[in-house]
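# Report on the structure
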Amino acid sequence: MPTACWSWPATVKKAERVFKNLLELARRTNSIFGGYVMGKIIDAVLVGVITYFGVLFMGMPYAALIGTIVGVTNIIPFFGPFLGAMPSALLLMIDKPVNALYFCIFILILQQVDGNIIENRILGEKLGISDFWVLVAILVFGGIFGFAGMLLGVPVFAVLYTVIGDRVNKRLA
């Protein structure tokens, strides 16, 4: 009687192990993408509040409306803050053109601080990677895949980072 090249129990055990690994990867990916979305929302709320108080401090009208517009559009990566600043600046220009100029300068400074410091810190904390790797992920994935890379680069990098880190730690142990 010929012997089989494979064993049924061994194949089932291997399939169970692969399934468990895939399930763990799906859980980790869900957690990381959820953390990314939460981090973006926290950052957007923070930028909206800072904008509100900045506009209020400068004595400009419509502070609540402008803060809300800038905060909501800040969820969109890279272009969002400027998409929110345009209608806000036009609204301020109707009242007083010099206010629109001051507002644009304020938003430019705020977005530099947010994009390079605040957002990286929040996303790094939520995803478990350092600020440096958040910035590297945005630059590399954005350069390779364009807008989609800018949008999804950080969570994809965080998943890869944790998977590779786990494999390295397993090998070292």
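Our structure's up above, just so we're on the same page.
What you see is a predicted model; the values in this text were computed from it and never measured. (Residues numbered from 1 in each chain as written. Predicted model: local features only at pLDDT ≥ 70, side-chain atom pairs only at ≥ 80, totals over all residues. Heavy atoms only, no water.)

This next bit is on the side chain of Gln111. Structurally, Gln111 is set in helix α4 (residues 97-127). For Gln111, a relative accessible area of 9% gives the class buried. Setting aside residues no more than four positions away along its own chain, Gln111 makes contact with Val47, Asn74, Pro81 and Phe82. (Helix = DSSP H or I, 4+ residues; strand = E, 2+ residues; numbered from the N terminus. Buried < 20%, exposed > 50% of the residue type's maximum accessible area, 1.4 Å probe, protein only. Contact = heavy atoms within 4.5 Å.)

A few words on the nonpolar core. In terms of nonpolar packing, the biggest core is built from 14 residues, with Val55, Ile66, Val70, Leu92, Phe103 and Ile107 touching the most fellow members. Where this core is concerned, the elements lending two or more residues are α1 (8-57), α2 (63-73), α3 (80-95) and α4. In this structure Val70 touches Val47, Thr51, Gly84, Ala85, Ser88, Phe103 and Ile107, once residues within four positions along its chain are discounted. Of all hydrophobic cores here, the second largest spans 13 residues; its members include Tyr36, Leu127, Ile129 and Ala158. (Core = buried A, V, L, I, M, F, W, Y, C linked by side-chain atoms within 4.5 Å.)

Here the focus is the environment of Pro87. Here Pro87 is to be found in helix α3. On the basis of relative accessible area, Pro87 is assigned to the partly exposed category, the value being 39%. Between the C-alpha atom of Pro87 and that of Leu127, which follows or precedes it by 40 residues, the distance is 32 Å.

Before going further, it helps to spend a moment on the side chain of Asn120. Assignment of secondary structure puts Asn120 in helix α4. In terms of polar contacts, Asn120 uses its side chain to reach the backbone carbonyl oxygen of Asn116, at 3.3 Å. Excluding anything up to four places from it in sequence, Asn120 contacts Asp114, Gly115, Asp131, Val134, Leu135 and Ile138. (Polar contact = N/O pair within 3.5 Å; in protein donor to acceptor, adjacent residues only side chain to side chain.)

By themselves, these observations are geometric and do not establish any function.
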